[in-house]
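# Tertiary structure, described
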Amino acid sequence: MTIPDLHESRSARRSGARHDPHLPSPHPRPALRHRRSRGPRPGRRRSPGGAGGGEGADTDAIQACNDIAPDYPSGPVEMIVPWAAGGGTDGVARLIGDQLSGQLGSNVNVVNRTGGSGVVGHQAMVDAEPDGQTIGLVTVEIGMMHHQGLTDISGEDLTAISQMNEDGAGITVAADAEWENAEDLLTYIEEHPGEVTASGTGQGGIWHLAPLGMPLDNDLPVDSVNFVPSEGAAPAPQELVAGGIDMTTNALGESKTMLDSERAKALGVMGSERDPNFPDVETLEERLGSDYSMSVWRGIAGPKDMDPKVVEELECHLGLIAESGEFTEFMADSGLGVKYAGAEDFQTLMREDDVKKGEVMEEAGLAK
């Protein structure tokens, strides 16, 4: 992923998601379905209670993953979630844990370690023993919290294993808004600075950075868009159709109800590629020639200095899960995107995303 030059002009380029994403979705989420294990494998404990075994994954492929580190795991695995039970992140973690448990043949226990705007859970991942018995669902906030002065830890203090999800910030406006695409909106913002009001999360949240970074990336002042904090993304679409704000910048899936009912329309997505759940919505790069993106992502990581063979085995299992019908169906029904990357690419993503978000936060006066 290329880190954008935040001050490159739009003309120069043309010539060459508080719904806190971790809180419950504003539209219903499907329940997890528990499936019978495929049976114990040599040297592995069977998951109790018939935990799911990675629907769609070939048993030979699962065994090949298990053979990478034959002595792993040595007992139940703990998966730390730094956000509350019942939210979007928790739902993703529990499905991954369910399927990973079946493939490993050992319990994977999801534990919610909340507090400190994600600091408590991420710190617990960093502090765990690097034996693979404790892993966690790391979220995009790992690259934001230290810029805000909340903690000293960053993605460099973790061992990346696999990215599992990514959702770009969506640009959503009321159905009767005058703008038909992101270029129309940006032109209006340029000609009427401060008139467009956006919302989608609390102050300093991930969807706050989106409407700040877009003007900066187009050589416009950071205050070109007026941002109004909200109690998560769920209220923002309601405010939008009521005329209280002009645009929302949370993930498109979080505005699904309004989009499906045609009370709102999506002008673009600030992702590296189109959202597969909204394939007709173009990226900023397609419309503006801009590689600027602002996305929320989730992935599996562990403490620093994990055994490379254990990382490789978990990476292998998670790759199978990301391709499974159960996972892709759950994510689609939840309005969440599937984006898989292996350990090396995920570590790079965390590093580059940290830099990019730090630049936006510094320019916006949100860094400490």
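Cut-offs and rules
Residues numbered from 1 in each chain as written. Predicted model: local features only at pLDDT ≥ 70, side-chain atom pairs only at ≥ 80, totals over all residues. Heavy atoms only, no water. Core = buried A, V, L, I, M, F, W, Y, C linked by side-chain atoms within 4.5 Å. Buried < 20%, exposed > 50% of the residue type's maximum accessible area, 1.4 Å probe, protein only. Helix = DSSP H or I, 4+ residues; strand = E, 2+ residues; numbered from the N terminus. Arc of directions from axis to C-beta. Contact = heavy atoms within 4.5 Å. Disulfide = S-S within 2.5 Å. Salt bridge = Lys/Arg side-chain N within 4 Å of Asp/Glu carboxyl O. pLDDT = per-residue confidence, 0-100. Axes fitted to C-alpha atoms, helices over the stretch in contact; angles between N-to-C directions. Parallel < 35°, antiparallel > 145°, perpendicular 65-115°, else oblique. Left-handed = near helix turned anticlockwise from the far one by under 90°. Nonpolar A, V, L, I, M, F, W, Y, C, P; charged D, E, K, R; others polar.

### What to know about the nonpolar core
- Grouped together as the largest cluster of nonpolar side chains are 51 residues, with contacts concentrated most on Val138, Ile171, Met214 and Met270.
- Among the elements that line this core, the one with the most residues is helix H6 (residues 206-217), at 6 residues.
- If you look at the next biggest cluster of nonpolar residues, it comprises 30 residues, including Leu95, Ile96, Val108 and Phe330.

### Some remarks on helix H7 (residues 235-242)
- Where H7 is concerned, the buried positions are Ala236, Pro237 and Leu240. Buried residues of H7 fall within an arc of 95° about the axis and therefore sit on the same side.
- Contacts from the buried residues of H7 go to strand E4 (158-174), strand E5 (196-199), strand E7 (247-248), helix H8 (256-260) and strand E8 (264-270).
- One or two steps after H7, the chain reaches Gly243, where phi turns positive at roughly 90°.

### Description of the state of the cysteines
- Evaluation of the coordinates by the stated rule reveals 1 disulfide.
- Each sulfur in the disulfide pair Cys65 and Cys316 lies 1.9 Å from the other. For the disulfide bridge between Cys65 and Cys316, the dihedral angle about the S-S bond is near -70°, and by the sign convention the bridge is left-handed. Taken as a pair, Cys65 in helix H2 (residues 59-66) and Cys316 in helix H10 (residues 308-323) lie far apart in primary sequence, 251 residues in all.
- Note on Cys65: relative accessible area 0%, which makes it buried.
- For Cys316, a relative accessible area of 27% corresponds to the partly exposed category.

### Re the pattern of salt bridges
- Under the definition given, this model contains 9 salt bridges.
- Residues Glu156 and Arg351 are paired through a salt bridge, measuring 3.2 Å at the closest nitrogen-oxygen approach. In this pair, Glu156 sits in the loop between strand E3 (134-139) and E4 while Arg351 sits in helix H12 (residues 343-364), placing the two residues 195 residues apart along the sequence.
- On the basis of relative accessible area, Arg351 is assigned to the partly exposed category, the value being 40%.
- Lys265 is the salt-bridge partner of Glu180, the closest N and O atoms lying 3.1 Å from each other. Remark: Lys265 occurs in strand E8 and Glu180 occurs in the loop between E4 and helix H5 (182-191); sequence separation between them is 85 residues.
- Judged by relative accessible area, which is 54%, Glu180 ranks as exposed.

### Observations concerning the confidence of the model for the protein
- Per-chain confidence: the protein averages 85 in pLDDT, with 85% of residues scoring 70 or above.
- Per-residue pLDDT stays below 50 along residues 1-19; that stretch engages in 67 contacts with residues further than four places along the chain or on separate chains.
- This model gives residues 24-54 a pLDDT under 50, and the stretch forms 94 contacts once residues within four places in sequence are excluded.

### Remarks on helix H4 (residues 119-127)
- For H4, every residue scored as buried is listed here: Val119, Gly121, His122, Ala124, Met125 and Val126.
- Looking at the buried positions of H4, the neighbouring elements they touch are strand E1 (77-81), E3, E4 and strand E9 (295-303).

### With respect to the environment of Pro215
- By the element assignment, Pro215 lies in helix H6.
- When its relative accessible area of 0% is taken as the criterion, Pro215 is described as buried.
- Taking the C-alpha atoms as reference, Pro215 lies 7.7 Å from Val225; in sequence the two are 10 residues apart.
- Apart from the residues lying within four places of it in its own chain, the contact partners of Pro215 are Leu220, Pro221, Ser224 and Val225.

### Focus: the packing of helix H3 (residues 88-104) against H10
- The interhelical angle for the contact between H3 and H10, taken along N-to-C directions, is 120°, at an axis separation of 10 Å. When the axis of H3 is compared with that of H10, the two are oblique. Between H3 and H10 lies a crossing of right-handed hand. Contacts from Ile96, Gln99, Leu100, Gln103 and Leu104 of H3 reach H10 at Glu313, Leu314, His317, Leu318, Leu320 and Ile321.
- Class assignment for the residues of the contact of H3 with H10 results in 7 nonpolar, 3 polar and 1 charged.

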